[in-house]
Amino acid sequence: MEQSPNNPATNQLRPGIEEIQVKNAVEQSGYPLQSHVADILRSTPGPKAEGFYVQEEWSYVDRDTSELRSADLHASVRLYDWDPQPRVRPELNLLIECKQSQLPYVFFLGRGRLRLLGFPAVAGLRQDKVVVTSDDDPSSWTYSIIHALDLHDDPFQREPPFCHTLSKCVRKGAEIELSGSDAYNGLVLPLIKAVHHFKGSQSPVETAWYFDSHLTLGVGVIDAPMIATTVDGAAPVLSAVPWVRVLRHEYHQEADRFERDQLWVVDVVHRDYFAKYLTEWVLPFAQRFGERVLRHATELATGEGFVKGMGADSWSNIETRLEARSVKARAARGAAIGKRILGFFGRRHSAS
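A brief structural summary. Numbering of residues starts from 1 in each chain and follows the order in which that chain's sequence is written. Only residues with pLDDT of at least 70 get local features here, since the model is predicted, and only at 80 or more are side-chain atom pairs given and counted; chain-wide, interface and lining totals rely on the full set of residues. To get the side-chain values, all heavy atoms of the structure are used, and hydrogens and water are removed first.

1. A word on the environment of V221
The helix and strand labels rest on DSSP assignments: H or I over at least four residues marks a helix, E over at least two residues marks a strand, and numbering proceeds from the N terminus. By the secondary structure assignment, V221 is in strand β10 (residues 211-223). Classification of residues uses two cut-offs on accessible area relative to the type maximum, computed with a 1.4 Å probe and protein chains only: under 20% is buried, over 50% is exposed, and between them is partly exposed. By relative accessible area, V221 is classed as buried at 0%. Sequence-wise, V221 and K99 are 122 residues apart; in three dimensions their C-alpha atoms are separated by 6.4 Å. Residues contacting V221, with those up to four places away along its chain left out, are L33, V37, I96, E97, C98, K99, V269, R271 and F274. We call two residues in contact when some of their heavy atoms are within 4.5 Å.

Have a look at this one:
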């Protein structure tokens, strides 16, 4: 074992403990993987040519027990310039758990096309939605920030396979079997709780004029075989995959009526794919997010927007048509409501 120059002679391993034993314990702990991921983050430049700021052992409050726990890593990188300071400052935040195992993780893939209108989570604004009005219809439309910015159908959203169920293989004698609770409780649930805490911790004060807009991802990085399973007929088909999006549905009775069904999303990525995941998928998506946030700072800060022609098309190209709800926009909405009312009474008069 190496010795630092000022190490006292008494600071040595006790009899019966070998250096190789300590080394094996360190390697099995997962901490080397955590350090490896942290080094990748620090050395990867973001859109503003600076590496991630990384906080290891980032603390959060467990929503179920109110106890203090920690995620392995919290990494953040700026998506805006300081001069001039924008009203809404976009930033990318990654909350990361690292796991390693000799035995594989198994993902039971879902079928069909997945549409995640509110993923990733956005923290730091007064509300995580934008209410849109228009000039040709008196209705209003409520969009998640991701949908309002037309990022719900981005390549980053469509790329990975997804699953609702995952398991970790465990040994049972000479055989192996699946343990769903190990994978969920040890990897997915802590990330969900960390993201939940982060969203709450970034809530702005009531008097805020400037806001942060934290694009927030929960990411599991694992040094273990990742096996995707699909069922073709009666036989499962196995394939090795480096990235799977894990979905977890939760129901919250106390939430507002339209927010009781919540879908939490966690990306699980293989250790040797993490750098590519970061540079080819996450950072380009984050840059697109940042650019659109800066274009629509007022709409995001107020939670209100105006889009022409929503009565004719309320689904496509929202971001390119989105503008602040000005006095002129409010007048156009009033005219649309008036037109609807006149049409209603006109129909009643004709019927009579």
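2. Focus: empty space enclosed by the protein
Only protein atoms enter the 1 Å grid used here. Points where a 1.4 Å probe fits but cannot escape make up a cavity, open sets with protein on both sides within 12 Å along at least five of seven lines make up a pocket, and a residue lines them when an atom lies within 4 Å of a point. Grid points are joined across faces, edges and corners, and a volume is the space filled by probe spheres set on the points. According to the stated counting rule, one finds 1 cavity of 30 Å³ or more in the structure shown. Within this model, the largest cavity holds a volume of roughly 30 Å³. Around the largest cavity, the lining residues are R113, L114, R115, H152, D153, Q157 and R158. Polar here means any residue other than Ala, Val, Leu, Ile, Met, Phe, Trp, Tyr, Cys and Pro, which are nonpolar, and Asp, Glu, Lys and Arg, which are charged; Gly is therefore polar. A class-by-class count of the residues in the lining of the largest cavity yields 1 nonpolar, 2 polar and 4 charged.

3. Observations concerning the pattern of salt bridges
What counts as a salt bridge is simple: a side-chain nitrogen of Lys or Arg found within 4 Å of a carboxyl oxygen of Asp or Glu. The full count for this structure, using the stated rule, is 18 salt bridges. In this structure, D81 and K48 form a salt bridge, with 3.4 Å as the shortest nitrogen-oxygen distance. Placement of D81 in the loop between β2 (68-78) and β3 (88-100) and of K48 in the loop between α2 (31-43) and β1 (53-61) is noted, with a sequence separation of 33 residues between them. When its relative accessible area of 44% is taken as the criterion, D81 is described as partly exposed. On the accessibility criterion, K48 (29% relative accessible area) is partly exposed. Here E50 ties to R78 by a salt bridge, and the two come within 3.2 Å at their closest N and O atoms. Highlighted residues: E50 in the loop between α2 and β1 and R78 in strand β2, separated in sequence by 28 residues. With a relative accessible area of 30%, E50 lands in the partly exposed category. Overlapping salt bridges, with partners in common, bring together D62, R63, D64, E67, R69 and K193 in one network.

4. Let's talk about the environment of V265
With respect to the secondary-structure elements, V265 resides in strand β14 (residues 261-270). Owing to a relative accessible area of 12%, V265 belongs among the buried residues under this scheme. Sequence-distant contacts of V265, that is, excluding residues within four places in its chain, are made with L116, F119, G218, R245, V246 and L247.

5. Details of the nonpolar core
To qualify as a nonpolar core, a set must consist of buried Ala, Val, Leu, Ile, Met, Phe, Trp, Tyr and Cys residues joined through side-chain atoms within 4.5 Å. One finds L41, F52, L92, L94, I96, F274 and Y277 to be the most contacted residues of the largest nonpolar core, which totals 59 residues. Per element, the largest residue contribution to this core is 10 residues, and it comes from helix α6 (residues 274-295).

6. Quick look at the sheet that holds strand β7 (residues 140-144)
Here, strands pair whenever DSSP counts at least two bridges between them. Within the open sheet, the 3 strands sit side by side as β7-β6-β15. Their pairing is mixed. Each edge of the open sheet carries a strand with a single partner, namely β7 and β15 (304-306). For this sheet the average axis-to-axis angle between neighbouring strands, irrespective of direction, equals 30 degrees. As judged from the 5 bridges shared by strand β6 (residues 129-133) and β7, these two strands associate in the antiparallel manner. When the sheet's bridge partners are listed, K129 is paired in β7 with S144. Every angle, taken between N-to-C directions, lies between 0 and 180 degrees, and every axis is a line fitted to C-alpha atoms, over only the stretch in contact when it is a helix.

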